[in-house]
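Listed below are the residues making up each chain.
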Amino acid sequence: MALTLQELNAASPAEALALLDGVYEHSPWIAEQALTERPFRSLAHLKHALASAVRNAPAEAQLALIRAHPELAGKAMVSKALTAESTHEQSTAGLTDCSPDEFARIQKLNQDYNARFGFPFIVAVRGPRGTGLSRSQIIETFARRLENHPDFERAEALRNIHRIAEIRLADKFDAHPKLGNDVWDWHESLARHSDPGYAEQGQLTVTYLTDAHRACAQRISHWMRDCGFDEVEVDAVGNVVGRYHGDTPGAKTLLTGSHYDTVRNGGKYDGRLGIFVPMACVRELHHAGKRLPFAIEVVGFAEEEGQRYKATFLGSGALIGHFNPAWLEQQDADGISMRACMEGAGLCIADIPKLQRDPARYLGFVEVHIEQGPVLNELDLPLGVVTSINGSLRYVGEFIGMACHAGTTPMDRRSDAAAGAAELLLYVERRAAQDGDSVGTVGVLQVPNGSINVVPGRCQFSLDLRAPNDAQRDALGTDVLGELAAIAARRGLQYRIEESMRAAAAPSAPVWQQRWERAVESLGVPVYRIPSGAGHDAMKLHEVMPQAMLFVRGENAGISHNPLESTTNDDMELAVQAFSHVLHQLAEASA
């Protein structure tokens, strides 16, 4: 019989400790510490208490926890000395059925890993979906993580231990995330569509109005109909729009959604999570035969990433009347204009102005998105409430010095353009860090026609400066440009600098941010407020209506725009529950 929270909360300390036996390998101190937080309001609350016990423990205790775990396909498995939980997990992953070559490969990786880190390799072999990783996936992950910095790898080992514990708890409580599994499966299915040249390599790339992009739109449309949306259409720019009517005609609408295009060789969850989470909520309403005092409009935005054409936020921009007709004459790398592309896809360009929404008919815009960063992952938090989408400044620039012989020019006679750019890069790093939540990046650093034996006469660079509000962004920009001029003067360099983009910050509407906060709090996990360093479709809707976002923790240290981008079925389940809670809050406010 499955364990319940009521049983756990009511049990004596010794009984409760026994009920949680085996969740963390040979480490009862973790449960003992976590149980001081009883009563637990939810399984998510229990998970966080357990993870917090580990995070707050001394480094020696954390290391002992890691070392309490067996090697994969190691001596303990061969001698059948594993715990029942580890035996089940390694068997489910097929590690008991390794071929001789696979077994030899794993043993060599075990040896190299232990020599490098001093503890065994830990991976949640049942994976982010809970159904198990393949042996090839495990070996690939093993080899990749062998290259990590020791401090990073120790943290990654602990994160995987928490995931193992999460799955073991799901088994104990028979609390498997059905909705999270469905959302996960939608992502996996949609990721089968990828552009030519990438699909053959097993990479995910979906750019505007390619065959893969149009297949994604069709697939999302079909799922929306299956979920019970009353109206589903692909609009004049390729957005997939699903509408679920309110309980009365003419009711206002909650707008939500995100984008389904991807960067090249990107991840499966960026954008798409914000489509599938509200879809799952609508499906549950439909199955229950329930209507709300407002309508729900879910939009899969056709373009946000600006990969095929230089028209970032094309999909969401069209909804606020910001489609620029000049974009139609842009050409992609193959010389195909956007106009020809849209006409070839059967889109009606003349209807684009009709897509502009009347803000008076909408309650606001909310968006769920994978965090795309490491913060939630490091804090062992599944969800974060976004306070603001950072404003940004971008520049392209160049230092101009004097190219000269690297061997014959004394160090005090040089006008080294690359050295000036290097000094600027380090200043950007220091200055952005002073604010705590500003970021600054020099992503392009190039010496044209550089040679190993020539002092650089030119060095081209970029600047990307971001902050949660415009005043902070502008102060950062002023200081960086001031230092740029000072570096040039000190080093005898000329320079040019051109502003290439200025985007205003999009602070979350306080009332809407508070709705997300109440939703997260209701799940039994701490409310964590976090700015968004990346741009999102919510930035565009912010210009005409209130908006607020919810972040979902990413795996693999939160990496994004990368095939390693991932999240778990459990975190997806919590996102669906949080979204549903916001819907109920709005319904109560409208009653």
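(A) View of the overall build of the chain. From N to C terminus, the chain includes 21 helices and 16 strands. Compactness check: the chain gives a C-alpha radius of gyration of 26 Å against a globular reference of 25 Å for 591 residues, within 12% of the reference. Sorting the 591 residues of the chain into buried and exposed places 54% on the buried side. Surface exposure of the chain reaches about 25,100 Å², of which carbon and sulfur atoms provide 51%. Computing the positive centroid from 56 side-chain charges and the negative centroid from 75, the chain places the two 1 Å apart.

(B) Here's a closer look at the packing of helix α12 (residues 211-227) against helix α13 (residues 273-287). In the contact formed by α12 and α13, the axes pass within 8 Å of each other and the chain directions differ by 25 degrees. Between α12 and α13, the angle falls in the class roughly parallel. Here Ile 220, Trp 223, Met 224 and Cys 227 of α12 lie close against α13, whose contacting residues are Ile 275, Phe 276, Met 279, Val 282, Arg 283 and His 286. Tallied by class, residues from the contact of α12 with α13 come to eight nonpolar, one polar and one charged.

(C) Layout of the environment of Gly 132. Residue position: Gly 132 is located in the loop between α8 (100-117) and α9 (135-145). On the basis of relative accessible area, Gly 132 is assigned to the partly exposed category, the value being 27%. Considered as a pair, Gly 132 and Gly 94 are 38 residues apart in the sequence and their alpha carbons are 8.8 Å apart. Aside from chain neighbours lying at most four places away, what touches Gly 132 is Val 125 and Arg 126.

(D) Spotlight on the packing of aromatic side chains. Under the counting rule described, the total for this entry stands at 14 aromatic pairs. Relative to Phe 119, the ring of Tyr 113 lies with its centre 5.9 Å away and its plane at 75 degrees, an arrangement referred to as edge-to-face. A single burial state applies to Tyr 113 and to Phe 119, both of which are buried. When the centroid spacing of 5.8 Å and the interplanar angle of 25 degrees are considered together, the rings of Phe 117 and Phe 119 count as stacked. In this structure, Phe 117 and Phe 119 share a single accessibility class: buried. Within the aromatic cluster, the residues linked to one another by ring pairs are Tyr 113, Phe 117, Phe 119, Phe 121 and Phe 142. Seen from the ring of Phe 152, Arg 159 lies directly overhead, with NZ or CZ sitting 5.5 Å from the centre. The residue whose ring lies beneath Arg 515 is Trp 512, and the NZ or CZ to ring-centre distance is 4.5 Å.

(E) A look at the pattern of salt bridges. In this structure the tally under the stated criterion is 43 salt bridges. The partner of Arg 496 in a salt bridge is Glu 398, and the shortest N-O contact between them spans 3.1 Å. Taken together, the positions of Arg 496 in strand β13 (residues 494-503) and Glu 398 in strand β7 (residues 391-400) put the pair 98 residues apart, joining distant regions of the chain. Bridged by salt links that share partners, the residues Glu 231, Glu 233, Arg 243, Glu 297 and Arg 357 form one connected network.

(F) Fine view of the pairing of strand β16 (residues 547-552). Most of β16 is tucked away, with six of its six residues classed as buried. On β16, burial covers both faces: Gln 547, Met 549 and Phe 551 on one face and Ala 548, Leu 550 and Val 552 on the other are all buried. Pairing of strand β5 (residues 362-370) with β16, which is carried by six bridges, proceeds in the parallel orientation. Along β16, the bridge assignment pairs Glu 367 with Met 549. In this structure, strand β6 (residues 383-389) lies alongside β16, joined through three bridges in antiparallel fashion. Paired with Val 385 across the strands is Leu 550, a residue of β16.

(G) Structural detail: the side chain of His 69. Tracing the backbone through its elements, the reader meets His 69 in the loop between α5 (59-67) and α6 (75-78). By relative accessible area, which is 8% here, His 69 ends up buried. Reaching out from His 69, the side chain makes a polar contact with the backbone oxygen of Leu 65 at a distance of 3.0 Å. Ignoring anything within four residues of it in the chain, the contact list for His 69 reads Glu 25, Pro 120, Ile 122 and Ile 161.

(H) Looking closely at the environment of Cys 281. Secondary-structure assignment places Cys 281 in helix α13. By relative accessible area, Cys 281 is classed as buried at 5%. Ignoring anything within four residues of it in the chain, the contact list for Cys 281 reads Val 576, Phe 579, Ser 580 and Leu 583.

(I) Quick peek at the packing of helix α4 (residues 43-55) against helix α10 (residues 150-173). The contact between α4 and α10 brings their axes to 11 Å, and the two run at 145 degrees. Our pair here, α4 against α10, has a crossing hand that is right-handed. Facing Leu 43, Leu 46, Lys 47, Leu 50, Ala 51 and Val 54 of α4, the residues of α10 in contact are Leu 158, His 162, Glu 166, Leu 169 and Phe 173. Taken together, the residues of the contact of α4 with α10 break down into eight nonpolar, one polar and two charged.

Rules used throughout
- Residues numbered from 1 in each chain as written.
- Predicted model: local features only at pLDDT ≥ 70, side-chain atom pairs only at ≥ 80, totals over all residues.
- Heavy atoms only, no water.
- Helix = DSSP H or I, 4+ residues; strand = E, 2+ residues; numbered from the N terminus.
- Rg over C-alpha atoms; globule rule 2.2 N^0.38 Å.
- Buried < 20%, exposed > 50% of the residue type's maximum accessible area, 1.4 Å probe, protein only.
- Areas by Shrake-Rupley, 256 points an atom, 1.4 Å probe, with all protein chains shown as cover.
- Lys, Arg positive; Asp, Glu negative; His and termini not counted.
- Charge placed at Lys NZ, Arg CZ, Asp CG, Glu CD.
- Axes fitted to C-alpha atoms, helices over the stretch in contact; angles between N-to-C directions.
- Parallel < 35°, antiparallel > 145°, perpendicular 65-115°, else oblique.
- Contact = heavy atoms within 4.5 Å.
- Nonpolar A, V, L, I, M, F, W, Y, C, P; charged D, E, K, R; others polar.
- Phe/Tyr/Trp six-rings, centres within 6.5 Å; stacked < 30°, edge-to-face > 60°.
- Lys NZ or Arg CZ within 6 Å of the ring centre and 35° of its normal.
- Salt bridge = Lys/Arg side-chain N within 4 Å of Asp/Glu carboxyl O.
- Pairing = 2+ DSSP bridges.
- Polar contact = N/O pair within 3.5 Å; in protein donor to acceptor, adjacent residues only side chain to side chain.
- Left-handed = near helix turned anticlockwise from the far one by under 90°.

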